[in-house]
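# Report on the structure
Read off the chains here:
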Amino acid sequence: MAARAGLAPTRLRATWPSLSALVGAAVATVPVVVDRGDTGSAAGDLALALEHWSRPLGRSELAVAAVAEAAGRDPLLRAGVETAVTDAVHEVMCAVASRARRRGEPIGAARQQWITAVLGGAVWERITGRGRPVPTARRAELVESILACA
């Protein structure tokens, strides 16, 4: 494995002392939801980011879901999954909030935290809930309810 990664075995073991540490670190970098661009509104931007939820889990989501299922009580695996979800949701929220601010519709810090927390929970549920497709109406309802609360 070290040779394929282009690392000396001692360096590999020093960086990731266990397979759990290596897998957790790898899965932490997998984007489970991504910003899809500007639609002209925060609601549209969030809806577009969740558009792929109309299909079963994609390849990267399946990888994160498999690690989440295997994590059990392994804190390194669970931390990797949590980081994947948290980082992806944070990046989407930052992009959506930045565009909203440029449009003169700023989303305050407290509201951003609320949206990030709720969206993170929804992404977590999708990853750990076998990734069943989410109907368009349900995704729209989710986005509306996230933005309606502050």
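As a starting point, this report considers the structure included with it. (Residues numbered from 1 in each chain as written. Predicted model: local features only at pLDDT ≥ 70, side-chain atom pairs only at ≥ 80, totals over all residues. Heavy atoms only, no water.)

Across its full length, the protein carries eight helices and zero strands. Each helix (α) and strand (β) of the protein, taken in turn from the N terminus, gives the series α-α-α-α-α-α-α-α. When the backbone C-alpha atoms are referred to their principal axes, the protein occupies close to 55 × 30 × 25 Å. Relative to its 150 residues, the protein shows a buried fraction of 38%. A separation of at least 24 residues holds for 72% of the contacts in the protein among residues at least 6 apart in sequence. Accessible surface, the protein as shown: approximately 8,600 Å² in total, 58% of it carbon and sulfur. Here the protein carries 18 positive and 14 negative side-chain charges, and the mean point of each set is 6 Å from the other. (Helix = DSSP H or I, 4+ residues; strand = E, 2+ residues; numbered from the N terminus. Buried < 20%, exposed > 50% of the residue type's maximum accessible area, 1.4 Å probe, protein only. Contact = heavy atoms within 4.5 Å. Areas by Shrake-Rupley, 256 points an atom, 1.4 Å probe, with all protein chains shown as cover. Lys, Arg positive; Asp, Glu negative; His and termini not counted. Charge placed at Lys NZ, Arg CZ, Asp CG, Glu CD.)

A word on the packing of helix α6 (residues 75-102) against helix α7 (residues 109-128). At their nearest, the axes of α6 and α7 sit 9 Å apart, and the two run at 135 degrees to each other. Judged on the interaxial angle alone, α7 and α6 are oblique. For the pair α6 and α7, the crossing hand works out as right-handed. Each of Arg78, Val81, Glu82, Val85, Val89, Met93 and Ala97 in α6 lies in contact with α7, whose residues at this interface are Gln112, Ile115, Thr116, Leu119, Gly120, Val123 and Trp124. Residues of the contact of α6 with α7, tallied by class, amount to nine nonpolar, three polar and two charged. (Axes fitted to C-alpha atoms, helices over the stretch in contact; angles between N-to-C directions. Parallel < 35°, antiparallel > 145°, perpendicular 65-115°, else oblique. Left-handed = near helix turned anticlockwise from the far one by under 90°. Nonpolar A, V, L, I, M, F, W, Y, C, P; charged D, E, K, R; others polar.)

Okay, the pattern of salt bridges next. Applying the stated rule across the entire model yields nine salt bridges. Residue Arg99 is joined to Asp35 by a salt bridge in which the shortest nitrogen-to-oxygen separation is 2.7 Å. Of the two residues, Arg99 sits in helix α6 while Asp35 sits in the loop between α3 (19-27) and α4 (42-49), which places them 64 residues apart along the sequence. Taking the relative accessible area as the measure of exposure, Arg99 reaches 8% and is therefore buried. (Salt bridge = Lys/Arg side-chain N within 4 Å of Asp/Glu carboxyl O.)

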